[in-house]
Amino acid sequence: MSDRDEARPRDPRTTPPARAARAPMRFTVVLRTPARAAEPLFARAPKAWQRVLPYVVLGICVLSLLPATIAVLTNDYKAGGGWAGALGLAQTVPLLLAVTRPLPAWVLVLVADTVGAVVLTHADKVAGHAWPWTPMSIVGYLALMICLGLRESIRTLIGVWLVTGAVGVVLGFFEPDGVTTTAALLFVLSGSFLAVTGALRGVGDAQQRIAEQESISEAERARRTLLEERARIARELHDVVAHHMSVITVQADSAPYRLPGMAEPVREEFAAIAASARESLSEMRRLLTVLRSDGNGSGTGSGDGGTAAGPGGGSELAPQPGIGRIQQLVEATVRAGQPVELSLAAGAERAAPPAVDLSAYRIVQEALANVVRHAPGAETRVSVTHDAEEVLVLVVNGPAARDAVVEPGASGTGHGLVGMQERVRLTGGTLDTGPLPDGGFRVAARLPLNDASEDAS
C-alpha cells in the first residue's frame, strides 16, 4: 500500500462499472455458510432486504403451494378432503423452517411427501397423474433443496440426494397402474439444484477465506513496516547518541590532563565516568549490530523512496543529516524537475536538539519523496519554522501537473507515513496529514524542543 493511498484512496475498482462487474462476486459472499447452526440464511448479508429475502421467498412458496396442493389433491386425484388438507399443510408449512433449520425441514417434508404417495395409491383417480411426487410437492422439494445447498456440507447434500433417490425406488414397488412416474425426475432435479447451490455456497466460502487472509496479511504487513521503521530510527539515533557519549568519554579521559592538580578522588570519579561511557558505547554497538543484521536496505534510504527526493539514502556510516541540509535536499529535488519553494527560518538547526534535527529532515525528505512519486510536477512549498517551544515542519503540494505521468504501479513500501508518525511520536510531537480540496496534499509536524532534548539526554 502506498503512503498516499493510506490517506486518499485511488482504487479504480471503486468506479461504477467496476462495482457493477463485481456485484455477482459480492452476492456469492452473501451465500457463504453461516457460522452457527440456527443462524438464518443470508443472516450476514450487508443489506436488510437481503436478510429478509429468504423469509419472503419461502412465505410466497407456502402461500402459493398450500391452496394449490389441496385443490389438486381434491379435484384431480379425488383424495378425501381431510387427507388433502392434512397433506397440503404437512408438505408446505415445514418450508418456513428451512430458513433456519433446512435439514429438519427436509425430513418433515420428505416424510409428508412419502405419506402422500402412499395415500394417493388409494385415491380414486390416481391413474393418468404424476406419482409418487405431485407437481406441487416437486416445487416445494426443490425450494427446500436450494436452502439445503446454501447451508449444509457436501457430505450432507450427497446423503440427502441419495435418500431422495432411495425413497423413490422403494415407492416404485407400490406403483399404481397407469400413473406417470416422477421419481427419476425429482432425483435428477434435486441433484442439479443441490450441485448448483452447493457450488455457489462454496464460492462464497472461498471468497470469505480469501478476505480473511488478506486482512491478516495486511495487518502483518503494517506491523512489519512499523517494526522496520522503528529499527531504522533506532539505528539513526544510535549515531546521534553515540556522538554525545564519545564526547563524554573524551572529556572524562582528558580531564586530568586539562585540569592539572586534580585530587585523586576526582580523578577516580572521571575515570569511572569514562569507563561507564565506553561500556554504554559498546552495548550500543552490539545492539546496532543486531539491528543491522535483520535485512538489507531497511536502514538506508528514506522510507517510501527517500533517495528519490534528494540525499540521505547513502551509506550508514555517513553523518546523520539535519535541518541545515534541507536546503540541499530541496535543491536536489528542484534539479530533478520538481518545483519546490523553501522557507527555512534562520537558526532552526541550532535551536533543535539532535533528535528533532534529524526527525525534521527525514519528514521533509519523505514528504518530498511522496510528492515526486504521487504528484510529479506539482507546486510544492516547504516551510520550517521554530520558536522557544517547538519546530514546525510544513510540506504542502498541489495537484500533479496536467502533463505528468503517474505510473499505475508506483506504490510505495508504506514506510513514508509510518516513518513520519514514528519520528513525531519519538519526539513527543504531533503529525497532521491529509488531502486538500484542490487535489493536493499536506504534511504538518510539530516537534517540541523540550521533550526531545530530555529524551536525547
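Here goes a summary of the coordinates provided. Just so it is clear, the structure is predicted and the values come from calculations on it, not from any experiment.

### Examining the side chain of Arg 201
- Within the secondary structure layout, Arg 201 lies in helix H8 (residues 183–258).
- For Arg 201, a relative accessible area of 6% puts it in the buried group.
- Within the structure, Arg 201 has its side chain in polar contact with the backbone oxygen of Glu 152 (distance 2.5 Å).

### Side note on the nonpolar core
- Residues Tyr 77, Trp 106, Leu 120 and Trp 133 are the most contacted members of the largest nonpolar core, which totals 46 residues.
- At the level of secondary structure, the elements contributing two or more residues to this core comprise helix H3 (48–75), helix H4 (81–92), helix H5 (102–120), strand S1 (130–131), helix H6 (135–149), helix H7 (154–172) and H8.
- Here this core takes 9 residues from H6, the largest share from any one element.
- In this structure Tyr 77 touches Val 72, Leu 120, Ala 123, Asp 124, Lys 125, Val 126, His 129, Ala 130, Thr 134 and Pro 135, once residues within four positions along its chain are discounted.

### Structural notes on the sheet that holds strand S5 (residues 390–397)
- Reading across from one edge, S3-S4-S5-S7-S6 is the order of the 5 strands in this open sheet, with mixed pairing throughout. The two strands at the open ends of the sheet, each matched to only one other strand, are strand S3 (340–344) and strand S6 (430–435). Averaged over all pairs of adjacent strands, the angle between strand axes in this sheet comes to 5 degrees, irrespective of strand direction.
- Bridge count between S6 and strand S7 (residues 441–448): 6 bridges; the pairing is antiparallel. Bridged to Pro 435 within S7 is Phe 441.
- Relative to S3, helix H10 (residues 326–335) is tilted by about 170 degrees, and along the sheet it contacts S3 and strand S4 (380–386).

### Here's the deal with the packing of aromatic side chains
- Applying the stated criterion across every chain yields a total of 1 aromatic pair.
- Judged by centre distance (4.4 Å) and plane angle (10 degrees), the rings of Trp 161 and Phe 187 are stacked. Here Trp 161, found in helix H7, pairs with Phe 187, found in helix H8; they are 26 residues apart in sequence, far enough to count as distant.
- Look at Trp 161 and you get partly exposed, because its relative accessible area is 30%.

### Quick word on a nonpolar patch on the surface
- A surface patch of nonpolar side chains, about 350 Å² in accessible area, is lined by Val 52, Tyr 55, Val 56 and Ile 60.
- For Val 52, the position within the fold is in helix H3.

### What to know about the pattern of salt bridges
- Under the counting rule described, the total for this entry stands at 3 salt bridges.
- Among the ionic pairs, Arg 446 bridges to Glu 390, the shortest N-O distance being 2.6 Å. Separated by 56 residues along the polypeptide, Arg 446 in strand S7 and Glu 390 in strand S5 bring together distant segments of the chain.
- In this structure, the salt-bridge partner of Arg 425 is Glu 422, at a minimum N-O distance of 3.1 Å. With Arg 425 and Glu 422 both in helix H13 (residues 415–427) and 3 residues apart, this pair spans about one turn of that helix.
- Judged by its relative accessible area of 53%, Arg 425 falls in the exposed class.
- Relative accessible area serves as the criterion here: at 9%, Glu 422 is assigned to the buried category.

### Digging into the environment of Ala 130
- Examined against the element boundaries, Ala 130 turns out to sit in strand S1.
- Separated by 48 residues in the primary sequence, Ala 130 and Gly 178 have C-alpha atoms spaced 9.6 Å apart.
- Once you skip the residues sitting within four places of it in the chain, Ala 130 turns out to touch Tyr 77, Pro 135, Thr 180 and Thr 182.

The rules behind each value
Residues numbered from 1 in each chain as written. Predicted model: local features only at pLDDT ≥ 70, side-chain atom pairs only at ≥ 80, totals over all residues. Heavy atoms only, no water. Helix = DSSP H or I, 4+ residues; strand = E, 2+ residues; numbered from the N terminus. Buried < 20%, exposed > 50% of the residue type's maximum accessible area, 1.4 Å probe, protein only. Polar contact = N/O pair within 3.5 Å; in protein donor to acceptor, adjacent residues only side chain to side chain. Core = buried A, V, L, I, M, F, W, Y, C linked by side-chain atoms within 4.5 Å. Contact = heavy atoms within 4.5 Å. Pairing = 2+ DSSP bridges. Axes fitted to C-alpha atoms, helices over the stretch in contact; angles between N-to-C directions. Phe/Tyr/Trp six-rings, centres within 6.5 Å; stacked < 30°, edge-to-face > 60°. Patch = residues over 30% accessible without salt bridge, like charges linked within 9 Å, V, L, I, M, F, W, Y side chains within 5 Å. Areas by Shrake-Rupley, 256 points an atom, 1.4 Å probe, with all protein chains shown as cover. Salt bridge = Lys/Arg side-chain N within 4 Å of Asp/Glu carboxyl O.

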